[in-house]
Amino acid sequence: MSSDVELLEAWRAGDRGAGNALVRKHFGRIHRFFRSKVDEGIEDLAQQTFLAAVEARDRVENDAAFAAYVFGIARRQLMMALRKKYARAKVFAPDEVSLAHLGAGEGPGVQTWLGAREEQAILVQALRSIPLDYQIAIELHYWEGLTVQEIASVVEAPAGTVKSRLSRARKLLEAQLQTRLSDEAATQGLDALVSRVGESLGA
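Residues numbered from 1 in each chain as written. Predicted model: local features only at pLDDT ≥ 70, side-chain atom pairs only at ≥ 80, totals over all residues. Heavy atoms only, no water.

Caption draft 1: How the structure looks around helix α9 (residues 148–155). Within the sequence span of α9, burial applies to I151, A152, V154 and V155. Down the axis of α9, the buried side of the element spans an arc of 160°, and every buried residue falls inside it. Directly beyond the C-terminal end of α9, a positive phi value near 55° is found at E156. (Buried < 20%, exposed > 50% of the residue type's maximum accessible area, 1.4 Å probe, protein only. Helix = DSSP H or I, 4+ residues; strand = E, 2+ residues; numbered from the N terminus. Arc of directions from axis to C-beta.)

Caption draft 2: Region of interest: the packing of aromatic side chains. On inspection of all chains with the given rule, the structure shows three aromatic pairs. Ring geometry for F33 and F34: centres 5.2 Å apart, planes at 85°, overall edge-to-face. With a relative accessible area of 3%, F33 lands in the buried category. Ring centres of F33 and F71 lie 5.8 Å apart, and the angle between their planes is 50°; this geometry places the pair in the tilted category. Taken together, the positions of F33 in helix α2 (residues 16–35) and F71 in helix α4 (residues 66–85) put the pair 38 residues apart, joining distant regions of the chain. (Phe/Tyr/Trp six-rings, centres within 6.5 Å; stacked < 30°, edge-to-face > 60°.)

Caption draft 3: The environment of D133, seen in detail. Along the chain, D133 turns up in helix α8 (residues 132–142). Residue classification places D133 among the buried positions, given a relative accessible area of 3%. In this structure the C-alpha to C-alpha distance between D133 and S98, which are 35 residues apart in sequence, comes to 8.3 Å. When near neighbours in sequence (up to four residues on either side) are disregarded, D133 contacts R75, P94, D95, V155 and R165. A distance of 2.9 Å separates a polar atom in the side chain of D133 from a polar atom in the side chain of R75. (Contact = heavy atoms within 4.5 Å. Polar contact = N/O pair within 3.5 Å; in protein donor to acceptor, adjacent residues only side chain to side chain.)

Caption draft 4: Molecular detail of unusual backbone geometry. We note that E156 has phi near 55°; this positive angle belongs to a residue other than glycine. Structurally, the position occupied by E156 is in the loop between α9 and α10 (159–180). With relative accessibility at 56%, the residue E156 sits in the exposed group.

Caption draft 5: Looking closely at the pattern of salt bridges. By the definition in use, this model includes 10 salt bridges. When salt bridges with common partners are traced through the structure, they connect R75, D95, D133, E156 and R165 into a single cluster. (Salt bridge = Lys/Arg side-chain N within 4 Å of Asp/Glu carboxyl O.)

Caption draft 6: Representation of empty space enclosed by the protein in the model. Following the criterion strictly, the structure yields one cavity of 30 Å³ or more and no others. Lining the largest cavity, in full, are R29, R32, F33, K37, F71, E139, L140, W143 and E144. Mapped onto the lining of the largest cavity, the elements with two or more residues apiece are α2 and α8. Each residue belonging to the lining of the largest cavity can be placed in one class, and the counts come to four nonpolar, no polar and five charged. (1 Å grid on protein atoms, 1.4 Å probe; cavity = no way out; pocket = protein on both sides within 12 Å on 5 of 7 lines; lining within 4 Å. Points joined across faces, edges and corners; volume = space filled by probe spheres on them. Nonpolar A, V, L, I, M, F, W, Y, C, P; charged D, E, K, R; others polar.)

Caption draft 7: Summary view of the packing of α4 against α8. Taken N-terminus to C-terminus, the directions of α4 and α8 make an angle of 150°; their axes are 13 Å apart at the nearest point. Between α4 and α8, the angle falls in the class roughly antiparallel. As for the relative orientation of α4 and α8, their crossing is right-handed in sense. Across the interface between the two elements, F71, R75, L78, M79 and L82 of α4 pack against L132, D133, I136 and L140 of α8. Residue classes in the contact of α4 with α8 are distributed as seven nonpolar, no polar and two charged. (Axes fitted to C-alpha atoms, helices over the stretch in contact; angles between N-to-C directions. Parallel < 35°, antiparallel > 145°, perpendicular 65-115°, else oblique. Left-handed = near helix turned anticlockwise from the far one by under 90°.)

Structural data, given as structure tokens:
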């Protein structure tokens, strides 16, 4: 498979097939990004993200990670959707406010995962209970393997700030899970739980 840079260069040169291949390569990841945060309109948000990526493809530096570029667009699409839906919070700080605080913490989409996917639903509820940019940082770290510098470009914050947020996010998430999981499940470890659920969300 061609690298992101090779596909991007071919796309810029007019190869629509390369552009389609690049979109397909990252579509599942962007779908997961939205699925862990909203219960409806996921397909539309993903499509809007890639449409914006197409329109701005010439702004991407060749040495930049295409994944970080697309996740940055996805975050901006999410912010616009949240501000539109939760008009009372038209201006909010994503490093301070969680989806649960906005009223999107435990929607019907999460509830349908209970039962056979109870563990998955519990983790998503917990993630939605920590500040949005903390949630994004920890998901990009565990699920997407982005570097601190790449996450910094997505959330538009200094790398040092992202390091601090990741540390804080782990503590906040662990505290949320302790109140939601059984003692046995809670002892399995945060890393294993987050990774396992990330794989199921991406399936």
